[in-house]
Amino acid sequence: MDTRGTSLTGRRALVTGASRGIGRAIAVLFAQEGADVAIVARNAEALDEVAAEVRATGAVCVVIPADVTADDAPQRIVDEAIAGLGGLDILVNNAGGNSFMAPLHTMRYSGWQKTMNLNLDSIVRLLQAALPAMIETRHASVINVSSVAGTNGSPFMSHYGAAKAALISLTRSVAVELATEGVRVNALIPGWIDTDLTGFLREDDGVEHAVIDRVPMKRWGKADEIAQGALFLASDASSFMTGQNLVLDGGLTANP
Ligand SMILES: NC(=O)c1ccc[n+]([C@@H]2O[C@H](COP(=O)([O-])OP(=O)(O)OC[C@H]3O[C@@H](n4cnc5c(N)ncnc54)[C@H](OP(=O)(O)O)[C@@H]3O)[C@@H](O)[C@H]2O)c1
């Protein structure tokens, strides 16, 4: 096993939400850096495209079509990843998102629950399924993809913000629980990134300007830039880092 810098040679990684956007960029970058990768999302066809890109690097790619919120999914995902990769050193809990905006007082509780299920509960269940095997490796890294929505108030997205904030707290708690077990647990916190998730904000120039004007760098982040942060957290470059937030937001949360 190569343990220098950001090399992932010999590492086995599971990336959820890898059919597009940030998860896809992470899966491909990890493979380029030497990892074998298991990829998860609902769209099997899109996953096959990503798998071709991963395999073109020479890496093994295990394709696992699944809805992470389905009752039987988390254990099956972890079992299939471990069977196909021969173990698990890196888990990237990236599948997530938000499909609606509403003030809390008119929000349907079913919408709240759906968002919590995807952005928090599915991750709890994936962690419970994966951590025993990761503890066995004594050299593992968990990356929970949260959001700046979880570090500040998120008006009209209180459901999403609350889930992402809880994920930051969960990251810290589990990191301390496992600090002497060889498992590091960190949160990756993107700001506004140009992916399908934020496409609706680019449909109207006024809305897009309002969003980007608040970003000190005055631009959208790219999925590749978030993948570089994930690589740092996955690799030995961050070997003394656990329970922390890595914020990649063009300066957004540095605003007064
Ligand atoms: N883009 C941003 O500005 C931004 C900012 C902060 C945080 N984030 C976070 O970063 C992560 C990735 O976001 P993104 O921008 O790359 O979003 P995206 O382009 O919408 O991609 C989301 C990925 O998650 C998968 N996914 C969604 N629901 C799923 C489910 N129930 N089961 C399995 N897979 C599921 C999607 O694949 P399928 O549809 O094929 O299932 C897709 O691969 C999310 O956790 C998001 O909250 C994004």
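For the structure itself, look to the data block above.
About the criteria used
- Residues numbered from 1 in each chain as written.
- Predicted model: local features only at pLDDT ≥ 70, side-chain atom pairs only at ≥ 80, totals over all residues.
- Heavy atoms only, no water.
- Helix = DSSP H or I, 4+ residues; strand = E, 2+ residues; numbered from the N terminus.
- Expected span 1.5 Å × (residues − 1).
- Buried < 20%, exposed > 50% of the residue type's maximum accessible area, 1.4 Å probe, protein only.
- Contact = heavy atoms within 4.5 Å.
- Core = buried A, V, L, I, M, F, W, Y, C linked by side-chain atoms within 4.5 Å.
- Lys, Arg positive; Asp, Glu negative; His and termini not counted.
- Salt bridge = Lys/Arg side-chain N within 4 Å of Asp/Glu carboxyl O.
- Pairing = 2+ DSSP bridges.
- Right-handed = clockwise from strand over helix to strand, strands pointing away.
- Near = heavy atom within 4 Å.
- Polar contact = N/O pair within 3.5 Å; in protein donor to acceptor, adjacent residues only side chain to side chain.
- Areas by Shrake-Rupley, 256 points an atom, 1.4 Å probe, with all protein chains shown as cover.
- Phe/Tyr/Trp six-rings, centres within 6.5 Å; stacked < 30°, edge-to-face > 60°.
- Lys NZ or Arg CZ within 6 Å of the ring centre and 35° of its normal.
- Patch = residues over 30% accessible without salt bridge, like charges linked within 9 Å, V, L, I, M, F, W, Y side chains within 5 Å.
- Axes fitted to C-alpha atoms, helices over the stretch in contact; angles between N-to-C directions.
- Bend = angle between axes of the 7 residues up to and from the residue.
- Parallel < 35°, antiparallel > 145°, perpendicular 65-115°, else oblique.
- Left-handed = near helix turned anticlockwise from the far one by under 90°.
- Nonpolar A, V, L, I, M, F, W, Y, C, P; charged D, E, K, R; others polar.

Looking at this structure, how should I read helix α5 (residues 158–177)?
In an α-helix, one full turn covers 3.6 residues, which means residues spaced three or four apart are oriented alike. In this model α5 runs 28 Å from its N-terminal to its C-terminal C-alpha over 20 residues, within 8% of the 28 Å that 1.5 Å per residue would give. His159, Tyr160, Gly161, Ala163, Lys164, Leu167, Ile168, Thr171, Val174 and Ala175 are the residues of α5 that are buried. As for α5, its buried residues are in contact with α4 (109–137), β5 (140–145), β6 (183–190) and β7 (245–248).

Honestly, the environment of Val92 in this entry has me stumped. Any pointers?
Along the chain, Val92 turns up in strand β4 (residues 90–93). Note: C-alpha distance between Val92 and Leu233 (141 residues apart in sequence) is 10.0 Å. Ignoring sequence-local partners within four residues, the contact set of Val92 consists of Leu14, Val15, Thr16, Ile26, Phe30, Ile143 and Val145.

Which parts of the structure should I look at to understand the nonpolar core?
Nonpolar side chains in soluble globular proteins tend to be buried together. Within the largest apolar cluster, 37 residues are counted, with the highest numbers of intra-cluster contacts made by Ile26, Phe30, Val37, Ile39, Val54 and Val92. Secondary structure elements with two or more residues in this core: β1 (12–16), α1 (21–32), β2 (36–41), α2 (44–55), β4, β5 and α7 (223–234). At eight residues, α1 tops the list of elements feeding residues into this core. Not counting chain neighbours up to four residues away, the residues in contact with Ile26 comprise Val15, Val92, Ala227 and Ala230. Listed in part, the 30 residues of the second largest apolar core include Val78, Ala81, Ala95 and Leu178.

I tried to follow the side chain of Lys164 on my own but got confused; where do I start?
Within the element layout of this structure, Lys164 appears in helix α5. No salt bridge is formed by the buried Lys164; its nearest oppositely charged neighbour, Asp121, is found at 12 Å.

Hey, could you run me through the pairing of strand β3 (residues 61–65) in this one?
Sheet faces and side chains relate simply in a regular strand, where the side chains alternate between the two faces. For β2 and β3, the ladder comprises five bridges, and the chain directions are parallel. Bridge assignment links Val37 to a residue of β3, and that residue is Cys61. Once you follow β2 into α2 and on to β3, the crossover reads as right-handed.

Would you take a moment to explain the site of the ligand for this structure?
Around the ligand, 30 residues are found, and the nearest of them are Ser19, Arg42, Asn94, Tyr160 and Thr195. Interatomic distance of 2.7 Å between a side-chain N/O atom of Ser19 and an oxygen atom of the ligand. Measuring from an oxygen atom of the ligand, one finds a backbone N or O atom of Asn94 at 2.8 Å. Contact with the protein chains removes 95% of the 880 Å² of surface that the ligand exposes when unbound.

Teacher, can you tell me more about the packing of aromatic side chains here?
Counting across every chain of the model gives one aromatic pair. Both rings, one in Trp192 and one in Trp220, keep their centres 6.4 Å apart while their planes meet at 85°; by these two values the pair is edge-to-face. In this pair, Trp192 is assigned in the loop between β6 and α6 (205–213) and Trp220 in the loop between α6 and α7, connecting sequence segments 28 residues apart. Its guanidinium or amino end placed over the ring of Trp220, Arg202 lies 4.5 Å from that ring's centre, counting from NZ or CZ.

Honestly, a nonpolar patch on the surface in this entry has me stumped. Any pointers?
Residues Met101, Phe156 and Phe200 make up a contiguous nonpolar surface patch of roughly 330 Å² in combined accessible area. Judged by its relative accessible area of 43%, Phe200 is partly exposed.

Please explain the sheet that holds β2 as it appears in this structure.
Sheets are built from strands that pair by backbone hydrogen bonding, the pairs being arranged parallel or antiparallel. Overall, parallel pairing links the seven strands, which are arranged β3-β2-β1-β4-β5-β6-β7 in an open sheet. Because the sheet does not close on itself, it has two edges, and the strands there are β3 and β7. The average angle at which neighbouring strand axes cross in this sheet is 15°, direction not considered. By the bridge criterion, six bridges tie β5 to β6 in an arrangement that is parallel.

Any chance you could explain α4 here in plain terms?
Helix length check: α4, at 29 residues, gives a terminal C-alpha distance of 40 Å against a target of 42 Å (1.5 Å per residue), a fit within 8%. Asn117 marks the point of greatest bend in α4, at about 50°. Positive phi shows up at Arg138, right after α4, with a value of about 60°.

Mind showing me how you'd approach the packing of α4 against α5 here?
In a pair of packed helices, the angle between the axes and the distance between the axes together describe the arrangement. At a minimum axis separation of 7 Å, α4 and α5 run at an interaxial angle of 20°. Classified by the angle their axes make, α4 and α5 are roughly parallel. With respect to the hand of their crossing, α4 and α5 are arranged in right-handed fashion. Along the contact surface, α4 presents Trp112, Thr115, Met116, Asn119, Leu120, Ile123, Val124, Leu127 and Leu131, while α5 presents Ser158, His159, Tyr160, Ala162, Ala163, Lys164, Ala166, Leu167, Leu170 and Val174. Residue classes in the contact of α4 with α5 are distributed as 14 nonpolar, four polar and one charged.

The values are spatial; any link to function lies outside them.
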